[in-house]
Amino acid sequence: QTLAGQIGSVYSTAEGAVSQKLGSLQSDAVQSFRQRQAQRLEAFASGVRSELDAFKERRYSGLRGKARRLRDWILSMYERNRNQYLADIDAMLVEIKESIQRTIDECKQTLTDAKAEIERLVAANKGKLDSDAQAALDRSMKQFARMEARIEATRKAALSALDRERERAIQE
């Protein structure tokens, strides 16, 4: 295989690996958030229901029961469970964002490794680069720059999508 073909092959392999990882990063992150958020929302609702039922049994009998019921609901149980739900959502977001960053770091490392491989090919053929090989080298460097920009754009889009999902989850 020619040097130009080798350079193109290294880039194509790196591009394929990065594209595969980036292709579903945002949708996978949002899907993960939605599934895990639904579980936390159910835990939140279940916690409120079970505490409320037990509390009603103890607290709301007798003459003062009705006044206590309203005050306790507004001030205590709902807020405690809501705060736990929000803390769970935020902790879950940290985990998902860390996963996104790991994928981004893997993509960047794939490109770094591919660039190093191309540099090794060029160094091994120093002084022997024909016009096709030089054109392949120049083309691959431009493509690497575009791929790096795509990686960053995908990272930002995935994080923005998660921020929107958090806001949606809080509104529920």
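Everything discussed here concerns the structure shown above.
Reference entry: report on the structure contained in this document. (Residues numbered from 1 in each chain as written. Predicted model: local features only at pLDDT ≥ 70, side-chain atom pairs only at ≥ 80, totals over all residues. Heavy atoms only, no water.)

### A closer look at the overall build of the protein chain
Under the convention used in this document: The way it works is that DSSP assigns letters per residue, a run of H or I at least four long becomes a helix, a run of E at least two long becomes a strand, and they are numbered from the N terminus. In this treatment the radius of gyration is a C-alpha quantity, and the globule benchmark scales as 2.2 Å times the residue count to the 0.38 power. For accessible areas, the Shrake-Rupley method is used with a probe of radius 1.4 Å. Any residue's cover is judged against the shown protein chains and nothing else. Under the convention used here, Asp and Glu are negative, Lys and Arg are positive, and both His and the chain ends fall outside the count. For this purpose, a charge sits on NZ of Lys, CZ of Arg, CG of Asp or CD of Glu.
Tallying secondary structure elements over the protein chain gives four helices and zero strands in all. Along its sequence from the N terminus, the protein chain presents helices and strands in the succession α-α-α-α. Whereas a compact globule of 172 residues would reach a radius of gyration of roughly 16 Å, the protein chain reaches 27 Å, over 25% beyond that. Judged by the C-alpha coordinates and their principal axes, the protein chain covers about 95 × 20 × 20 Å. Element-wise, carbon and sulfur atoms account for 50% of the exposed surface of the protein chain, whose accessible area totals about 10500 Å². Of the charged side chains in the protein chain, 31 are positive and 26 negative; the average position of the first set lies 7 Å away from that of the second.

### Observations regarding the packing of aromatic side chains
For clarity, the threshold we go by: What counts as a ring pair is set by centres within 6.5 Å for rings of Phe, Tyr and Trp (its six-membered ring), and what kind of pair is set by the plane angle: stacked under 30 degrees, edge-to-face over 60, tilted for all other angles. Each residue is assigned to one of three classes by its accessible area relative to the maximum for its type, calculated with a 1.4 Å probe on protein chains only: buried under 20%, partly exposed between the two thresholds, exposed over 50%.
Summed over all chains, the structure comprises two aromatic pairs. Judged by centre distance (5.0 Å) and plane angle (75°), the ring pair of Tyr-11 and Phe-144 falls under edge-to-face. Taken together, the residues Tyr-11 in helix H1 (residues 3-23) and Phe-144 in helix H4 (residues 131-171) connect sequence positions 133 residues apart. Neither residue differs from the other here; Tyr-11 and Phe-144 are each classed as buried.

### Focus: the environment of Cys-107
What counts, and what does not: Residue contacts are counted whenever heavy atoms from the two residues lie within 4.5 Å of one another.
Mapped onto the fold, Cys-107 is located in helix H3 (residues 65-124). Judged by its relative accessible area of 0%, Cys-107 is buried. Spatially, the C-alpha atoms of Cys-107 and Leu-70 are 54 Å apart, while their sequence positions differ by 37 residues. When sequence neighbours within four positions are dropped, the list of residues in contact with Cys-107 reads Val-18, Lys-21, Leu-22 and Ile-151.

### Thoughts on the nonpolar core
Cut-off, in case you're wondering: Grouping buried Ala, Val, Leu, Ile, Met, Phe, Trp, Tyr and Cys residues that are joined through side-chain atoms within 4.5 Å yields what is termed a nonpolar core.
Counting 37 residues, the largest nonpolar core has Phe-33, Ile-100 and Ile-151 as the members making the most contacts within it. If you list the elements that add at least two residues to this core, you get H1, helix H2 (25-59), H3 and H4. Tallying contributions element by element places H3 first for this core, with 14 residues.

### A word on the side chain of Thr-103
Here Thr-103 is to be found in helix H3. Residue class for Thr-103 comes out buried when judged on its relative accessible area of 15%.

### Here we look at H2
Definition in use: Helix span, expected: 1.5 Å multiplied by one less than the number of residues in the helix.
For H2, with 35 residues, the first-to-last C-alpha span of 49 Å sits near the 51 Å given by 1.5 Å per residue. Along H2, the positions that sit buried rather than exposed are Leu-25, Ala-29, Val-30, Phe-33, Gln-37, Phe-44, Gly-47, Val-48, Leu-52 and Phe-55.

### Description of the pattern of salt bridges
Where we set the bar: Definition used for salt bridges: Asp or Glu carboxyl oxygen within 4 Å of a side-chain nitrogen of Lys or Arg.
Summed over the entire model, instances satisfying the criterion amount to 12 salt bridges. A salt bridge links Arg-36 to Glu-95, with the nearest nitrogen and oxygen atoms 2.1 Å apart. Of this pair, Arg-36 sits in helix H2 while Glu-95 is found in helix H3, placing the two residues 59 residues apart along the sequence. When its relative accessible area of 39% is taken as the criterion, Glu-95 is described as partly exposed. With a shortest N-O distance of 2.4 Å, Lys-115 and Glu-148 are connected by a salt bridge. Here Glu-148 lies in helix H4 and Lys-115 lies in helix H3, a separation of 33 residues in the sequence. Here the salt bridges do not stand alone but share partners, grouping Arg-34, Glu-165 and Arg-168 into one network.

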